[in-house]
Amino acid sequence: MPNIKPISDLRNYNEVLHDVAVDAPVFLTKNGQERYAIMDMQDYEKTQATLRLLDELAKGRKSGEEKGWLTLEAVEENLGLSHE
C-alpha cells in the first residue's frame, strides 16, 4: 500500500523521511493531488540505470531497423566467441 502524506507533513520532515525505505517511497500531495515522491537513493539509482538501459536498447533497435540486423554468428564473431 502506498505511503501518501500531505505536503504539510514536511513541517516535521524527520518523520516523513523515517517512512522512506527501499521499495517504499513516500508520495506527497498538494491540494489533494499527488505532486512529489521521496524515494530511497538506492531506488533512485536503480531507476536511473533502468532508464539508461532502455535508452540504449532503443538506440540498438533503431540502428537494427535502419542499418539491418546482425546474425547470431556475426555477433559471436565480433565478440570473439566460437562454437567448438
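Going by the structure above, here's the rest.
Residues numbered from 1 in each chain as written. Predicted model: local features only at pLDDT ≥ 70, side-chain atom pairs only at ≥ 80, totals over all residues. Heavy atoms only, no water.

A. Looking closely at helix 2 (residues 41-67). The first and last C-alpha atoms of helix 2 sit 39 Å apart over 27 residues, in line with the 39 Å expected at 1.5 Å per residue. Measuring from the backbone nitrogen of Gln-42 back to the side-chain oxygen at the start of helix 2 gives 2.9 Å, which picks out Asp-40 as the cap. Phi turns positive one or two residues past the end of helix 2, at Gly-68, with a value near 100 degrees. (Helix = DSSP H or I, 4+ residues; strand = E, 2+ residues; numbered from the N terminus. Expected span 1.5 Å × (residues − 1). Polar contact = N/O pair within 3.5 Å; in protein donor to acceptor, adjacent residues only side chain to side chain.)

B. Local environment of the pattern of salt bridges. What the rule picks out here adds up to four salt bridges. With its nearest N and O atoms 2.9 Å apart, the salt bridge here joins Lys-5 to Asp-19. Residue Lys-5 is found in strand 1 (residues 3-6), and its partner Asp-19 is found in the loop between helix 1 (13-18) and strand 2 (26-30); the two are separated by 14 residues along the sequence. Taking the relative accessible area as the measure of exposure, Lys-5 reaches 13% and is therefore buried. What makes Asp-19 partly exposed here is its relative accessible area of 27%. In the salt-bridge network here, residues are joined through shared partners; they are Asp-55, Glu-56 and Lys-59. (Salt bridge = Lys/Arg side-chain N within 4 Å of Asp/Glu carboxyl O. Buried < 20%, exposed > 50% of the residue type's maximum accessible area, 1.4 Å probe, protein only.)

C. Geometry of the pairing of strand 3 (residues 33-38). Across the six residues of strand 3, zero count as buried, placing the element largely on the outside. As defined by bridge partners, strand 2 adjoins strand 3 across five bridges and the pair is classed as antiparallel. Paired with Lys-30 across the two strands is Gln-33, which belongs to strand 3. Linking strand 2 back to strand 3 in an antiparallel pair, the connection comprises two residues, with Asn-31 at a positive phi of about 55 degrees. (Pairing = 2+ DSSP bridges.)

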